[in-house]
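One letter stands for each residue in the lines below.
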Amino acid sequence: MTEVEETLKRIQSHKGVIGTMVVNAEGIPIRTTLDNSTTVQYAGLLHQLTIKAKSTIRDIDPQNDLTFLRIRSKKHEIMVAPDKEYLLIVIQNPCE
Amino acid sequence: MPTSPSGSRKSVSHLAVLQSKKSISFTEKAKEALKKGFSGVNQSRMGVSRNLVILPEMKTTEKVNVPGPKTVQVLDENGVDVTPRPLYSSDPGAAKPSKLLSSQEGSLGSDIMASYSMYQNTLNPSVMGQFTRSALGSSTISKSSISATESMAEDLEEPSYKGEKLASFTDMQVMRAAPETVITKEDLEKNIEILLTETDTLRFFDLPTVMISVESEEAEKVIQRNNKYETLCRNRLGNDLYVERMMQTFNGAPKNKDVQCDRIIMEDQGVMATTWDLYDSFDALKLSSSAGKRYAVESSSKANVLPKERLEQKLPAALTDKTSETSSLMDLENVILSKVHEDEEDHAEAIFKSDKFLQDLFFMERVLMENIFQPKLAAYRQLPILKEPEPEEPKEFSECVKVEEVEEVKEEEEEIEISEEQTIPANLERLWSFTCDLTKGLNVSSLAWNKLNPDLLAVGYGHFGFKEQKRGLACCWSIKNPMWPERVYPSPYGVTAVDFSIGTPNLLAVGYYNGTIAIYNVQSSGNVPVLDSSESPQKHVGPVWQLQWIEQDRGTTGDDKREFLVSISADGRVSKWVIRKGLDAHDLMRLKRTTVGSNKKGGEKDKKGEALISRQAPGMCFAFHPKDTNIYLTGTEEGHIHKCSCSYNEQYLETYRGHKGPVYKVTWNPFCPDVFLSCSADWGVMIWQQENFRPFLSFYPTTHVVYDVAWSPKSCYVFAAANESRVEIWDLHASTLDPLIVNVANPGIKFTTVLFAKHTDCLLVGDSDGQVAVYELRNMPTASDCGREDVINALLGCKFN
């Protein structure tokens with residue numbers, strides 16, 4: 001458990017990390033460093049995107065599965081580690 | 001005329017009905033019936049027949065005394081009984097609907113009543129007046145039988161009717177509304193199972209073929225019949241027997257009837273069968289058949305319905321934008337979770353405890369690292385650097401971009417030439433450094449790469465001097481995460497040597513300042529050593545200055561390649577450790593103190609008089625010959641380098657004298673097996689050739705202790721030396737007087753170890769502040785045909801005087 005906490009803390013304090021969120025399967029944030037409304041918004045949108053991405057991957061090959069999703073935009077990069085029970089989302093500004 | 005049963009009232013109407021069977025000349029009779037004062041109560045409906053007679057509306061309240069059912073007989077002219085047989089025979093089971101009918105009261109259309117679905121009872125609905133009727137068919141009235149009418153009529157208690165007098169011939173079987181029950185929420189949400197089955201095939205029309213094969217038996221007859229028919233048709237034309245006559249048929253006036261029914265709610269349900277959905281369903285079937293019922297949240301008995309149900313369950317999640325998961329198991333969980341709040345918190349805890357979460361965090365950290373360090377890591381791996389599209393004007397030269405990125409690094413010393421010259425001299429570019437809070441302030445004492453995974457680095461932290469002893473640390477760093485070590489093995493003693501095993505690459509041997517050797521398994525995340533030599537009777541009593549795993553061919557014993565650990569320590573012993581049940585040691589060599597040389601006799605005398613504290617010389621380093629693992633070199637604190645053999649543990653084969661201070665490192669040239677390099681505390685770096693007992697080349701670049709030297713794995717001429725204040729890269733091909741590259745340290749920081757990276761042009765330098773910096777060697781002169789013995793021999797030969 002403590003290892004998890006430590007790693008989370010390290011991730012949160014990394015250079016360029018804007019926010020870290022862990023939301024459960026319903027979109028309720030369990031742990032977040034951003035405000036609630038932003039978190040809920042991110043969670044809802046990314047959840048749908050993750051489902052779509054997972055469906056795409058599995059449609060092509062049902063034995064494959066989605067492990068990680070990265071979206072790079074002009075301003076930052078959103079990294080999502082999906083799972084059945086939770087979503088781990090980290091938003092980073094990679095340039096600085 | 002057909003006789004009618006008793007009951008004058010009815011007789012009239014019956015007549016009317018009966019008459020209708022005769023198709024022709026019927027109208028008059030009906031009118032007669034009317035004239036007779038047709039006051040049929042129930043039978044008013046009977047007026048609804050083919051003729052357009054509209055019977056007067058009658059509202060009667062008197063009950064009809066209906067006599068018992070009487071069989072009606074219909075006889076035609078000849079007295080033949082042509083009583084039509086009822087299509088529907090009322091059975092006792094039909095008593096139920098009749099009771100319903102009898103208790104009918106009240107509003108029109110509110111209750112629905114069962115009506116007999118028979119043609120005969122066409123007239124009844126109008127009497128009831130309270131149930132819906134369906135369309136009429138005028139032809140069906142002819143089929144109405146009196147008996148049926150009577151049977152219906154007798155059930156009536158309230159013959160009052162309203163509305164139209166149309167007889168409905170085809171009637172509906174409608175359901176009476178169930179008694180009012182309280183419908184609870186659970187009922188609504190209950191799963192109602194609807195079984196759809198295929199009904200039997202009902203044949204409404206069956207027209208058998210009228211084609212018969214020519215060869216069949218009846219063919220004859222049929223052909224004859226056909227011929228007869230043809231002749232008949234032909235004869236018909238002018239024949240007197242056949243007269244054409246017109247007829248007028250009476251068409252009933254159609255009437256529209258509106259029906260009101262309850263709103264039928266329709267729902268659209270769609271399912272998207274994706275490939276993975278099908279795959280999952282089939283997998284689930286297999287799983288549920290073999291293992292427990294984990295996936296079958298619904299009753300698993302309906303195996304064939306299961307996939308469909310699961311699809312439907314999954315579907316709403318996908319289509320209706322809910323945030324629930326698309327697995328049936330999760331739906332159930334969601335339902336449970338939404339009700340109990342406490343469960344939710346436990347669930348959150350469970351997430352944190354799950355292994356998958358830890359793994360995801362691990363990956364996430366790596367990904368973050370990759371983003372942060374992308375240019376550096378790319379340079380390390382010699383990949384093109386990903387250039388971010390700059391918001392300012394784009395740079396023209398890629399070199400400028402690189403330089404800019406380098407400038408962004410907030411580290412100190414760099415020897416980058418920022419000018420845009422054509423030829424840039426060789427330099428060291430600092431990429432990043434492995435450092436974290438744990439390692440701050442510690443002295444890096446040893447570095448070792450993993451033999452299997454080239455990204456894994458073991459770093460030992462411990463101070464060299466006796467007075468500076470602090471706690472020690474052995475860390476495993478990964479290139480992919482330069483900000484936090486993967487494994488941390490703390491210890492109260494300083495770590496002085498680390499090495500990864502060759503045969504079992506997950507074993508890491510760590511040597512401590514107090515002489516113990518511990519072996520860790522880096523695959524497990526605990527920090528307890530697998531093996532420890534602290535209880536062994538043969539453990540070292542002085543700091544273990546170097547450890548190395550050696551693979552040796554042991555043809556005699558039958559094993560292919562046995563691997564053992566060789567350690568050298570300050571107590572003067574070179575030991576070989578074998579892992580059997582524990583760590584077993586076997587001394588390879590005891591380093592004895594040697595005299596200076598037999599030349600100086602005076603010296604000998606002096607030496608003999610000396611009271612030696614110990615007959616053994618502390619060993620500082622060793623190096624096994626790359627080709628012949630029987631031969632190895634050891635460097636001692638005296639300054640001597642001894643060539644020893646595993647076969648002899650008492651005597652040295654050779655002794656190389658040249659250094660005046662403790663020899664800290666000795667290392668063979670990987671390309672040229674005769675040449676080795678040594679460095680010592682007397683500020684000197686010396687190159688030796690195996691045959692000569694005097695150094696071949698010696699360098700005294702600075703007045704600082706040289707802690708470490710290493711040959712470059714890429715070029716046979718290049719080596720790196722770390723002394724207290726600088727790191728130097730020497731290229732013997734270019735110059736033997738000056739180092740090629742000099743990298744000066746920050747004041748207060750000493751460089752203590754160097755290590756080349758195997759497949760890239762990078763150099764790792766450890767310093768006394770706990771940092772392991774990674775430098776890239778850039779613009780090195782290309783190594784021209786390296787690896788051939790004669791080349792370096794030629795070089796050495798010409799320099800050798």
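The structure displayed is predicted, hence computed values, not measured ones.

J.: Could you give an account of the overall build of chain B, with specific residues and numbers?
T.: When its secondary structure is counted, chain B shows 15 helices and 28 strands. Looking at the 801 residues of chain B, the share that counts as buried comes to 45%. Of the contacts made within chain B by residues no fewer than 6 positions apart, 54% connect residues no fewer than 24 positions apart. Counting every atom, chain B has about 45,600 Å² of accessible surface; 53% of that belongs to carbon and sulfur.

J.: Residue-level account of the state of the cysteines, with values.
T.: This model, assessed by the stated rule, comprises zero disulfides over all chains. With no disulfide partner, Cys475(B) has as its closest neighbouring cysteine sulfur the one in Cys436(B), 6.2 Å distant.

J.: Which residues make up the nonpolar core, and what are the values?
T.: In summary, soluble globular proteins display a tendency toward joint burial of nonpolar side chains. All names here are of chain B. Residues Tyr-380 and Trp-432 are the most contacted members of the largest nonpolar core, which totals 28 residues. Of all the secondary structure elements, the ones that give two or more residues to this core are helix 12 (355-380), strand 1 (427-434), strand 2 (444-449), strand 3 (456-461), strand 4 (472-478), strand 27 (762-767) and strand 28 (772-778). Filtering out sequence-adjacent residues up to four positions away, Trp-432 remains in contact with Phe-373, Lys-376, Leu-377, Tyr-380, Ile-479, Pro-482, Val-772, Ala-773 and Val-774.

J.: I'd like a rundown of the pairing of strand 14 (residues 619-624) of chain B, residues and numbers included.
T.: All names here are of chain B. Of all six residues that make up strand 14, six are buried, and the element is covered over most of its length. Where strand 14 meets strand 15 (residues 631-636), five bridges bridge the pair, whose relative direction is antiparallel. Note on strand 15: the bridge partner recorded for Cys-621 is Gly-635. Linkage of strand 14 to strand 15, two consecutive antiparallel strands, is achieved through a turn of six residues.

J.: Quick one: what's the story with the pattern of salt bridges, residue by residue and with numbers?
T.: Two side chains bearing opposite charge may form a pair once their charged atoms approach each other closely. Enumeration over the complete set of coordinates arrives at 13 salt bridges over all chains. Ionic pairing is found between Asp65(A) and Lys54(A), a salt bridge with its closest N-O pair at 3.8 Å. Here Lys54(A) lies in helix 2 (residues 36-60) and Asp65(A) lies in the loop between helix 2 and strand 3 (69-72), a separation of eleven residues in the sequence. Residue Lys54(A) is classed as partly exposed on the basis of its relative accessible area, which comes to 31%. With its nearest N and O atoms 3.3 Å apart, the salt bridge here joins Asp708(B) to Lys665(B). Of this pair, Asp708(B) sits in strand 22 (residues 706-711) while Lys665(B) is found in strand 18 (residues 663-668), placing the two residues 43 residues apart along the sequence. Connected through shared salt-bridge partners, Arg70(A), Arg72(A) and Glu77(A) make up one network.

J.: Please set out the sheet that holds strand 14 of chain B residue by residue, giving values where relevant.
T.: All names here are of chain B. Pairing is antiparallel across the open sheet formed by four strands, whose spatial order is 14-15-16-17. At either margin of the open sheet sits one strand with a lone partner, and together these are strand 14 and strand 17 (654-657). Geometrically, the sheet is characterised by an average inter-axis angle of 20° between neighbouring strands, direction not taken into account. Note: strand 16 (residues 640-645) against strand 17, four bridges, orientation antiparallel. Directly across from Lys-643, in strand 17, lies its bridge partner Glu-654.

J.: Explain the interface of chain A and chain B residue by residue, including any values.
T.: At the interface, 42 residues of chain A touch 37 residues of chain B. For the pair chain A and chain B, the summed buried surface comes to about 4,000 Å²; carbon and sulfur atoms form 63% of the total. On the chain A side of the interface with chain B, the three residues burying the most area are His14(A), Glu26(A) and Tyr86(A), jointly 14% of the side's total. At the boundary of chain A and chain B, one finds two salt bridges. For the pair chain A and chain B, the number of links is seven residue pairs in polar contact (both at pLDDT 80 or more). Contributing elements (two or more residues each) for the side of chain A that touches chain B: helix 1 (2-12), strand 1 (17-24), strand 2 (29-32), helix 2, strand 3, strand 4 (77-82) and strand 5 (86-92) of chain A. If one sorts the elements of the side of chain A that touches chain B by residue count, helix 1 of chain A sits on top with seven residues. The residue makeup of the side of chain A that touches chain B, split by class, is 20 nonpolar, eight polar and 14 charged.

What counts and what doesn't
Residues numbered from 1 in each chain as written. Chains lettered and ligands numbered in written order. Predicted model: local features only at pLDDT ≥ 70, side-chain atom pairs only at ≥ 80, totals over all residues. Heavy atoms only, no water. Helix = DSSP H or I, 4+ residues; strand = E, 2+ residues; numbered from the N terminus. Buried < 20%, exposed > 50% of the residue type's maximum accessible area, 1.4 Å probe, protein only. Contact = heavy atoms within 4.5 Å. Areas by Shrake-Rupley, 256 points an atom, 1.4 Å probe, with all protein chains shown as cover. Disulfide = S-S within 2.5 Å. Core = buried A, V, L, I, M, F, W, Y, C linked by side-chain atoms within 4.5 Å. Pairing = 2+ DSSP bridges. Salt bridge = Lys/Arg side-chain N within 4 Å of Asp/Glu carboxyl O. Axes fitted to C-alpha atoms, helices over the stretch in contact; angles between N-to-C directions. Buried area = accessible area lost by both parts, 1.4 Å probe. Polar contact = N/O pair within 3.5 Å; in protein donor to acceptor, adjacent residues only side chain to side chain. Nonpolar A, V, L, I, M, F, W, Y, C, P; charged D, E, K, R; others polar.

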